[in-house]
Amino acid sequence: MPPSALSKLQSAVTQVKQVNVLKSTQVEDSPAIKVCVRVRPFIKEEVEGQRSGGECKLCIDMPSETQVRILNFDDPDDDSRAFEFDRCYWSHSKDHPFFATQETLQTELGEIMLEHAMNGFNNCIFAYGQTGSGKSYSVLGGKDEERGLLPRVVEGLFDHFAKLPQGATYKTLVAFMEIYNEQIRDLLAPADSEIKKLEVKQHPVLGTIIPGLTEAAVASCEEVLNLVDYGTQMRHVSATAMNATSSRSHCIFTFKTSLTEPDQPSKVSQTHLVDLAGSERAGRTKATGDRLKEGAAINQSLSTLARVISELAKSAKTKKKPNPPFRESKLTYILKESLCGNSKTVMMAAISPNFTDYDETLSTLKFSQSVKQVQTKAVQNAVNMSSVEAQLRAELNALKSQLQAIQDPQASDELSFLKRQDREGGCFGLCHTGI
Ligand code: ADP
Ligand code: MG
């Protein structure tokens, strides 16, 4: 077989393989990352004085469900600053017209993520904000009514599965990791197992992968929640002067679903729920020694995130091809696809209501403003099983004729076809290989 025909055949086979794994149909209009803001109540530590010296002065106001204002009491000339977002959640006091509970978040964000996942769209929600601003409360939450998005989304997922029509099949895999001091830790690895050094890799077909990370196949909500409990216990928590239980690591929970309904293409999706470590500057937490080192590593991830966002936001304006430094931190490398690729992404900015946190809150709001300009390119991941079967048969036939051609160059019709195509310089399609 002439080498050029062989290389065309090989490249056609490679293309078929790629289509099989990542068949993306319907491209959505590049949607911008949706940005929400949530303001928490004053907490016990503020009221009792361990945080901010007991001073509780409300400096946030929400004139509408999409607007948040921050007031600077120190400077009477500095008018309140207003910011516009996709949605603003008031969780500071129950008597407010826009009071939002954990249930509100599930209805408005969680349910939509589930609908996306069921339809084969990737999702990501990441909670950003200073330590003690309410990130973990929004993502993981507490018990019963205080359950956060993660447990509610998982419950919703299995509720959806339970309602599937007869003959439908589904698979779910979950992974749970933290990034601590720029190292990835597998939170689902057995406690007594050797700690593996995990690295982020780019796979030409599968995209971002972390070889060696546990992906547990799960069949019920209870199983997932038990794994989340297990992983949460494995997380690094360390007391800082700001929040005794605050985690100093970034935490990423991922679930992958594959859903096949009779006579329909299979829909596959990946959803990340991310609880970031505090975005404050190190000095504020009175950190020293190891704590300071942690702070620097956390800031490496968060400062890279800021640079990535700034680069992406700039290119959205100038329409120039961006060159964001994704690889400079584990966090941004893992979230690359969520920040500019195939994903529907939401940022949840958690803010403190207290004037003592004015600077950090203002910086969170400004950062959130730039995230709003970033666009992703969500596509539906749908795999048509019957066409996959046909493609696999085509692949097999192509390989058979390749083999036959090597053994007996005169014997196969396909070969003479290939030779003809090669002479004519044409490109051959798989439909010519006898399917
Ligand atoms: P972070 O993860 O940003 O460091 P947390 O989620 O741990 O902050 O929140 C700090 C404290 O505030 C916790 O005690 C948490 O229970 C409380 N809190 C945060 N948000 C809310 C909320 N919306 N309603 C009630 N309590 C909240
Ligand atoms: Mg937290």
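Definitions and cut-offs
Residues numbered from 1 in each chain as written. Chains lettered and ligands numbered in written order. Predicted model: local features only at pLDDT ≥ 70, side-chain atom pairs only at ≥ 80, totals over all residues. Heavy atoms only, no water. Phe/Tyr/Trp six-rings, centres within 6.5 Å; stacked < 30°, edge-to-face > 60°. Helix = DSSP H or I, 4+ residues; strand = E, 2+ residues; numbered from the N terminus. Buried < 20%, exposed > 50% of the residue type's maximum accessible area, 1.4 Å probe, protein only. Lys NZ or Arg CZ within 6 Å of the ring centre and 35° of its normal. Pairing = 2+ DSSP bridges. Core = buried A, V, L, I, M, F, W, Y, C linked by side-chain atoms within 4.5 Å. Contact = heavy atoms within 4.5 Å. UniProt positions renumbered as here; feature names shortened; annotations may be inferred. Near = heavy atom within 4 Å. Polar contact = N/O pair within 3.5 Å; in protein donor to acceptor, adjacent residues only side chain to side chain. Areas by Shrake-Rupley, 256 points an atom, 1.4 Å probe, with all protein chains shown as cover. Salt bridge = Lys/Arg side-chain N within 4 Å of Asp/Glu carboxyl O. Expected span 1.5 Å × (residues − 1).

A short note on the packing of aromatic side chains
Enumeration over the complete set of coordinates arrives at 7 aromatic pairs. Ring plane angle 80 degrees and centroid distance 5.6 Å describe the contact between Phe 158 and Phe 161, whose orientation is recorded as edge-to-face. Within this pair, Phe 158 and its partner Phe 161 are both found in helix 5 (residues 149–162), separated by 3 residues, close to a single helical turn. Per residue, the accessibility class of Phe 158 equals that of Phe 161, and both read buried. Members of the aromatic cluster, connected to one another through ring pairs, are Phe 73, Phe 355 and Tyr 358. The cationic tip of Lys 57 hangs over the ring face of Phe 73; the distance from NZ or CZ to the ring centre is 4.6 Å. Above the ring of Phe 121, the side-chain terminus of Lys 344 is found at 4.8 Å from the ring centroid.

Quick notes on the pairing of strand 9 (residues 183–186)
Of the two faces of strand 9, only the one carrying Ile 184 and Asp 186 is buried; Gln 183 and Arg 185 on the other face are not. As paired strands, strand 8 (residues 169–180) and strand 9 are joined by 4 bridges and run antiparallel to one another. Residue pairing across strands places Ile 179 opposite Ile 184, the latter belonging to strand 9.

Quick word on the nonpolar core
Residues Val 68, Ile 334, Leu 339 and Met 347 are the most contacted members of the largest nonpolar core, which totals 51 residues. Looking at this core element by element, the count peaks at 6 residues for helix 7 (residues 289–318). Aside from chain neighbours lying at most four places away, what touches Leu 339 is Ile 33, Phe 126, Leu 305, Val 308, Ile 309, Leu 312, Phe 326, Val 374, Gln 375 and Thr 376. Formed by 38 residues, the second largest nonpolar core is a distinct cluster that contains Ile 125, Phe 161, Val 346 and Met 348.

Details of the UniProt feature "binding site: ATP" (unreviewed entry) in the protein chain
Taking the UniProt record as the reference, the feature "binding site: ATP" (unreviewed entry) is found at Gly 129, Gln 130, Thr 131, Gly 132, Ser 133, Gly 134, Lys 135 and Ser 136. Following the sequence through the fold, Gly 129 ends up in the loop between strand 7 (123–128) and helix 4 (135–139). Looking at Gly 129, the relative accessible area reads 0%, which means it is buried. Apart from the residues within four sequence positions on either side, Gly 129 is in contact with Lys 135, Ala 277, Gly 278, Ser 279, Ala 350 and Thr 364. Note on placement: Gly 132 falls in the loop between strand 7 and helix 4.

A word on the site of ligand 1
Residues in close proximity to ligand 1 total 14 residues, the closest being Gly 132, Gly 134, Lys 135, Ser 136 and Tyr 137. One of the side-chain nitrogen or oxygen atoms of Lys 135 is found 2.7 Å away from an oxygen atom of ligand 1. Surface burial for ligand 1 is 77%, taken as the share of its 550 Å² of free accessible area covered by protein chains. Take the shell around ligand 1: its biggest share by element is 3 residues, from helix 4.

Describing the pattern of salt bridges
In this structure the tally under the stated criterion is 11 salt bridges. Where Glu 328 meets Arg 307, a salt bridge forms, and the shortest distance between an N and an O atom there is 2.7 Å. Highlighted residues: Glu 328 in the loop between helix 7 and helix 8 (330–334) and Arg 307 in helix 7, separated in sequence by 21 residues. Judged by its relative accessible area of 43%, Glu 328 falls in the partly exposed class. Via salt bridges that share partners, Glu 65, Arg 87 and Glu 108 belong to a single interconnected network.

What to know about helix 10 (residues 358–371)
Counted at 1.5 Å a residue, the expected span for helix 10 with its 14 residues is 20 Å, and the 20 Å between its end C-alpha atoms agrees. Buried residues of helix 10: Tyr 358, Glu 360, Thr 361, Leu 362, Thr 364, Leu 365, Phe 367, Ser 368 and Val 371, and no others.

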